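# Structural characterization, general
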Amino acid sequence: MRNIVLMGPPGAGKGTQAGDLASRYHIPHISTGDMFREAIKNKTPLGQKAEAIIARGDLVPDDVTVALVKERLSQPDCAEGYLLDGFPRTIPQAEALDEIGKAIGRAVNAVIDITVPEEILIDRIGGRRVCPKCGASYHVRNMKPKVEGKCDVCGSDLITRKDDNAESFKVRLDNYYRQTAPVSDFYKNKGLLHTFDGTGGKEKLQGVLFAFLDRLS
Ligand code: AP5
Ligand code: MG
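Listed as buried for helix 2 (residues 32-41) are Thr32, Gly33, Phe36, Ala39 and Ile40. End-on, the buried residues of helix 2 take up no more than an arc of 125°, which puts them together on one face. Where helix 2 is buried, its residues meet strand 2 (29-31), helix 3 (45-56), helix 4 (62-73) and strand 3 (81-85). With its phi angle positive at about 50°, Lys43 sits one or two positions after the end of helix 2.

This is the structure:
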């Protein structure tokens, strides 16, 4: 069973790795960031609540985020496991996930923490371009699309995320250090934390993560 949490600061490469991991292990990729962006695009009440918070780099309140994840994890496609990306990112969220895991009989059994130094994160966030349709992520130098400005997967025009500016990034990083880094310790104390160097290329980290997760049963 692979009930996995993917952690790391903004720009660590969570989203870049998650799609291939989810396909390899036939588990859903559940990104709270993607779910909020979808809600914003569709102008739902959740999207209206989250839009300004996300644009400035702050965290959406715990009760809203926990309710979203609780509902998602109860879906049938999570029966064989799940890959959470960007959740939990506060201690109350981690405690809530413990409860949800117990209730659905699928407690987290591995936490992957991707570490990348700040100066590399700044460069990655500054150069990131994303597909608004399928969520694929690129970089203007490190991970270029085949055709400039177009998504390799679905051909849509690539955009820059609203929170990928210097000001919001500073807030996101600050929130990460203050609120999310303690979540790593939370899982370390449970013996579930596995730390990986995210500074190599996409394929290098992917190989290491496949090797680790292939052994997890
Ligand atoms: P979210 O969407 O989760 O954003 P984030 O955590 O800030 O992380 P990013 O998506 O920016 O980084 P990533 O690690 O996925 O990097 P990527 O793979 O794209 O959350 C957004 C917002 O939603 C939050 O700020 C908050 O407001 C709200 N939210 C979400 N979850 C929440 C929660 N649980 N509670 C409360 N609020 C929540 O890679 C980045 C760039 O680097 C790309 O350009 C990529 O091409 C490049 N790259 C990736 N890997 C490599 C590599 N190995 N080598 C070279 N380049 C690479
Ligand atoms: Mg992401």
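The next subject is the site of ligand 1. Close contacts around ligand 1 come from 36 residues, with Thr16, Asp58, Arg128, Tyr138 and Arg172 the closest. In the environment of ligand 1, an oxygen atom lies 3.0 Å from a nitrogen or oxygen atom belonging to the backbone of Gly13. One of the side-chain nitrogen or oxygen atoms of Arg128 is found 2.6 Å away from an oxygen atom of ligand 1. Breaking the shell around ligand 1 down by element, the ones donating at least two residues are helix 1 (14-25), helix 2, helix 6 (118-127) and strand 6 (137-139). In terms of residues, the shell around ligand 1 owes the most to one element, helix 2, which gives four residues. Per-class residue counts for the shell around ligand 1 are 11 nonpolar, 15 polar and 10 charged.

Quick look at the packing of aromatic side chains now. Following the criterion strictly, the structure yields four aromatic pairs and no others. Taken together, a centroid distance of 5.7 Å and an interplanar angle of 65° make the contact between Tyr176 and Tyr177 edge-to-face. Between Phe186 and Tyr187, the ring centres sit 5.1 Å apart and the planes meet at 90°, which makes this aromatic pair edge-to-face. When its relative accessible area of 15% is taken as the criterion, Phe186 is described as buried. Its relative accessible area of 1% is what places Tyr187 among the buried residues. The ring of Phe210 has Arg24 sitting right over it, with the charged end atom 4.1 Å from the ring centre.

With that settled, the discussion passes to the packing of helix 5 (residues 91-104) against helix 7 (residues 166-189). Where helix 5 meets helix 7, the closest approach of the two axes is 8 Å, and the angle between their N-to-C directions is 40°. The angle between helix 5 and helix 7 falls in the class oblique. Of helix 7, the residues touching helix 5 (which contributes Ile91, Ala94, Glu95, Leu97 and Asp98) are Gln179, Pro182, Val183, Phe186 and Tyr187. Per-class residue counts for the contact of helix 5 with helix 7 are seven nonpolar, one polar and two charged.

Take the nonpolar core next. If you look at the biggest cluster of nonpolar residues, it comprises 24 residues, and the most contacted ones within it are Leu21, Leu83, Ile112, Ile114 and Leu213. Among the elements of the structure, strand 1 (2-7), helix 1, strand 4 (110-115), helix 6, helix 7 and helix 8 (202-214) are those that each provide at least two residues to this core. Per-element tally for this core: the top contributor is helix 8, with five residues. When near neighbours in sequence (up to four residues on either side) are disregarded, Ile114 contacts Leu6, Met7, Gly8, Pro9, Ala12, Gly13, Lys14, Gln17, Phe196, Gly198 and Leu205. Formed by 21 residues, the second largest nonpolar core is a distinct cluster that contains Val66, Leu73, Phe87 and Val111.

Within the element layout of this structure, Ser168 appears in helix 7. Since its relative accessible area comes to 5%, Ser168 is described here as buried. Those residues within four positions of Ser168 in sequence are excluded, and the remaining contacts are Ala55, Arg56, Gly57 and Asp163.

Moving on, we come to the pattern of salt bridges. All chains considered together, the criterion is met by 16 salt bridges. Asp123 is the partner of Arg141 in a salt bridge, and the nearest nitrogen-oxygen pair spans 2.4 Å. Of this pair, Arg141 sits in the loop between strand 6 and helix 7 while Asp123 is found in helix 6, placing the two residues 18 residues apart along the sequence.

What counts and what doesn't
- Residues numbered from 1 in each chain as written.
- Chains lettered and ligands numbered in written order.
- Predicted model: local features only at pLDDT ≥ 70, side-chain atom pairs only at ≥ 80, totals over all residues.
- Heavy atoms only, no water.
- Buried < 20%, exposed > 50% of the residue type's maximum accessible area, 1.4 Å probe, protein only.
- Helix = DSSP H or I, 4+ residues; strand = E, 2+ residues; numbered from the N terminus.
- Arc of directions from axis to C-beta.
- Contact = heavy atoms within 4.5 Å.
- Near = heavy atom within 4 Å.
- Polar contact = N/O pair within 3.5 Å; in protein donor to acceptor, adjacent residues only side chain to side chain.
- Nonpolar A, V, L, I, M, F, W, Y, C, P; charged D, E, K, R; others polar.
- Phe/Tyr/Trp six-rings, centres within 6.5 Å; stacked < 30°, edge-to-face > 60°.
- Lys NZ or Arg CZ within 6 Å of the ring centre and 35° of its normal.
- Axes fitted to C-alpha atoms, helices over the stretch in contact; angles between N-to-C directions.
- Parallel < 35°, antiparallel > 145°, perpendicular 65-115°, else oblique.
- Core = buried A, V, L, I, M, F, W, Y, C linked by side-chain atoms within 4.5 Å.
- Salt bridge = Lys/Arg side-chain N within 4 Å of Asp/Glu carboxyl O.

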